[in-house]
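# Structural description and commentary
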Amino acid sequence: MIGAGLIGLAIAFELAERGATVRVYDRGEPARAASWAGAGMLAPYTERVADEVLLDFCAASLREYPPFVDRVRAAGGMDPRLRLDGVVHAAFNQADLERLQHGARELVAREVATEILDRASLLSVEPWLGSQVAGGVIVSGEGCVDNRRLGRALVSACQTRGVLVERSSAMHVECNERRVLGVHTDLGFVAAGAIVNAGGAWASQLQGIPPSCVPPIVPIKGEMLALGAPVDFVRHATWVPGAYLVPRDDGRLLVGATVESAGFDERVTARGVHELLHAALSSAPSLGSFAVTESWAGLRPGTPDGLPFLGPTPIAGLFLACGHYRNGILLAPATARALADAIENKIGPELQSFSIERRTEESSPSRITRM
Ligand SMILES: Cc1cc2nc3c(=O)[nH]c(=O)nc-3n(C[C@H](O)[C@H](O)[C@H](O)COP(=O)(O)OP(=O)(O)OC[C@H]3O[C@@H](n4cnc5c(N)ncnc54)[C@H](O)[C@@H]3O)c2cc1C
């Protein structure tokens, strides 16, 4: 496994639970890149994932989250704090409210538990929303996970299941024209029957890969910050115009996130912080008295068509698990299951749309939007 983000670690854990011998290599600290920087929202419907196949995969992953977290907790002894108690989307004018209500009716027709909230009901659920709020919706089965805790929990669960999680500053895959042979690390050559490129935003830079197997991944920067708020001041992950707010049970209230093509720049900028605070405080002026306790940035692994690259490649034994863009935390359980199946040669139709064979380098990243 190359890359110890949530994706690489989740696959490694799944494979180890199925009895495989697994090594995970990362040039940095495990679970510190995008997987640490994300907000941990598990909200494919609120997020409005447009592609139907991707939405189905996201929905499957959301269903798989509770048993996945139970297994990780049982193996590693750490609770990633999964909360599936609903995600709120608030509107501040009539046109936005009608759009939300229309979307909510479509979700109900698809049997996704969704409730339309008038202004009074919304304020009883989230009293901190400002006086201008018009109403909103809540998608009941969505929620969030503390992705930083999940990362630590997965490292611990992997180690308990015998996975070696190691650092290597230089990684070079060796393959012949038909199949992978192994990987060169700082400590020498390690033979491998299967190698998974789970390199996140850096997946296209992995050395030793033939061009037909290089995924066209682009980094999409996201800045976030945290406010110190009383626990339960904000009760649910909540979307407001231009930002979302995600409460943690340690008192941090996350405010996210900018979306920007800025190469591999991971600086927090004055403009990013300004945009996030402006959006949050416009919707809820009461947040203005809280301390800004943290700010950070991370790189989402974007793809030209917004879909991840998952599954086998033209080189036998070389697999891809990258390009999860805005939904890699959500997609960790389903990705782990599907990739472990693929490595065990049980490839169903589920991964077809995510194959490297579709390479779409020419198309523009049209699905990239704000927030
Ligand atoms: C601000 C922000 C908010 C987000 N919010 C959400 C959210 O609410 N919900 C959600 O589902 N998703 C969210 N995401 C997206 C999510 O974080 C990512 O899709 C996900 O973390 C990707 O996981 P990963 O394991 O593929 O990549 P990463 O976590 O980036 O891990 C990749 C790892 O690979 C390593 N690596 C790369 N190349 C090599 C190499 N050659 N050799 C050795 N190691 C290598 C890197 O060091 C890194 O540790 C957000 C992302 C950001 C930035």
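Residues numbered from 1 in each chain as written. Predicted model: local features only at pLDDT ≥ 70, side-chain atom pairs only at ≥ 80, totals over all residues. Heavy atoms only, no water.

### Digging into the pattern of salt bridges
Defined as follows: A carboxyl oxygen of Asp or Glu within 4 Å of a side-chain nitrogen of Lys or Arg is what we treat as a salt bridge. Numbering of helices and strands runs from the N terminus, with a helix taken as a DSSP run of H or I at least four residues long and a strand as a DSSP run of E at least two residues long. Think of it in three bands: residues with accessible area under 20% of the maximum for their type are buried, residues over 50% are exposed, and the middle band is partly exposed, with areas taken using a 1.4 Å probe on protein chains only.
Taken as a whole and assessed by the stated rule, the structure comprises 27 salt bridges. Ionic pairing is found between arginine 99 and aspartate 96, a salt bridge with its closest N-O pair at 2.3 Å. With arginine 99 and aspartate 96 both in helix 4 (residues 94–109) and 3 residues apart, the pair spans about one turn of that helix. By relative accessible area, which is 52% here, arginine 99 ends up exposed.

### Quick look at the confidence of the model for the protein
Spelled out, the test is: pLDDT is a per-residue confidence score from the predictor, ranging from 0 to 100. Throughout, a contact is declared for two residues whenever any of their heavy atoms are within 4.5 Å.
Of all residues in the protein, 97% have pLDDT values of 70 or greater, and the mean over the chain is 95. The low-confidence segment residues 362–370, where pLDDT is below 50, has 19 contacts with residues more than four positions distant or belonging to other chains.

### Here we look at the nonpolar core
Test applied: We define a nonpolar core as any set of buried Ala, Val, Leu, Ile, Met, Phe, Trp, Tyr and Cys residues linked to one another through side-chain atoms lying within 4.5 Å. Each domain's extent was defined by an automatic or database domain assignment.
Ranked by internal contacts, the top residues of the largest apolar core, which has 58 residues, are Ile11, Tyr65, Phe68 and Leu154. The element that contributes the greatest number of residues to this core is helix 3 (residues 52–76), accounting for 11 residues. Both domains that meet at this core, namely domain 1 (6–80 + 146–216 + 305–358) and domain 2 (84–142 + 218–302), each give it at least three residues. Contacts of isoleucine 11, omitting those with residues within four sequence positions, involve Met1, Val196, Ala321, Thr335, Ala336 and Leu339. Counting 24 residues, the second largest nonpolar core, distinct from the first, contains Phe92, Ala243, Ala284 and Phe290.

### Digging into the sheet that holds strand 14 (residues 237–240)
Filter applied, for reference: Note: two strands are recorded as paired if DSSP finds a minimum of 2 bridges between them. For helices, the fitted line uses only the C-alpha atoms of the stretch in contact; every axis is such a line through C-alpha atoms, and the angle between N-to-C directions lies from 0 to 180 degrees.
Ordered in space as 5-6-4-14-15-16-13-17, the 8 strands form an open sheet in which the pairing is mixed. Each edge of the sheet is formed by a strand with only one pairing partner; in this case those strands are strand 5 (114–118) and strand 17 (291–302). Averaged over all neighbouring strand pairs, the angle between strand axes comes to 20°, with direction disregarded. Bridge analysis of strand 14 against strand 15 (residues 243–247) gives 3 bridges, and the strand direction is antiparallel. Bridge pairing in strand 15 links valine 240 to alanine 243.

### Concerning helix 6 (residues 147–160)
Our working rule: By this rule, a helix spans an expected 1.5 Å times one less than how many residues it contains. Definition of a polar contact: a pair of N or O atoms within 3.5 Å, with one able to donate and the other able to accept a hydrogen when the atoms are protein atoms, and with sequence-neighbouring residues admitted only if both atoms are side-chain atoms.
Given a rise of 1.5 Å per residue, 14 residues ought to cover 20 Å, and the 20 Å separating the end C-alpha atoms of helix 6 matches this to within 8%. Burial of helix 6 is extensive: 10 of the 14 residues sit out of reach of the surface. For helix 6, every residue scored as buried is listed here: Asn147, Arg148, Arg149, Leu150, Gly151, Ala153, Leu154, Val155, Ala157 and Cys158. For helix 6, the N-terminal capping position is held by aspartate 146, with its side-chain oxygen 3.2 Å away from the main-chain nitrogen of arginine 148. Positive backbone phi, at 90°, marks glycine 162, one or two positions downstream of helix 6.

### Details of the site of the ligand
Stated precisely, the cut-off is as follows: Throughout, near means a residue has at least one heavy atom within 4 Å of the molecule or strand. Accessibility throughout is a Shrake-Rupley quantity obtained with a 1.4 Å probe, and a residue counts as covered only by protein chains that appear here.
The ligand sits among 36 residues. The nearest are Asp26, Ser35, Tyr325, Arg326 and Leu330. The contact in question runs from an oxygen atom of the ligand to an N or O atom on the backbone of leucine 6, over 3.4 Å. Within the contact set of the ligand, a nitrogen atom lies 3.1 Å away from a backbone nitrogen or oxygen of alanine 39. Protein chains shield 96% of the accessible area of the ligand, which is 1,000 Å² for the free molecule. For the shell around the ligand, the elements supplying multiple residues, two or more each, are helix 1 (6–17), helix 2 (34–37), strand 13 (218–228) and strand 17. Examining the composition of the shell around the ligand, we find that 4 residues originate from one element, strand 17, more than from any other.

### Some thoughts on the pairing of strand 18 (residues 309–312)
Relative to strand 19 (residues 318–322), strand 18 is paired through 4 bridges, and the arrangement is antiparallel. In the sheet register, leucine 310 faces strand 19, and the bridge partner there is alanine 321. Taking the residues between adjacent antiparallel strands as the criterion, strand 18 and strand 19 are bridged by 5 residues, where glycine 317 takes a positive phi near 85°.

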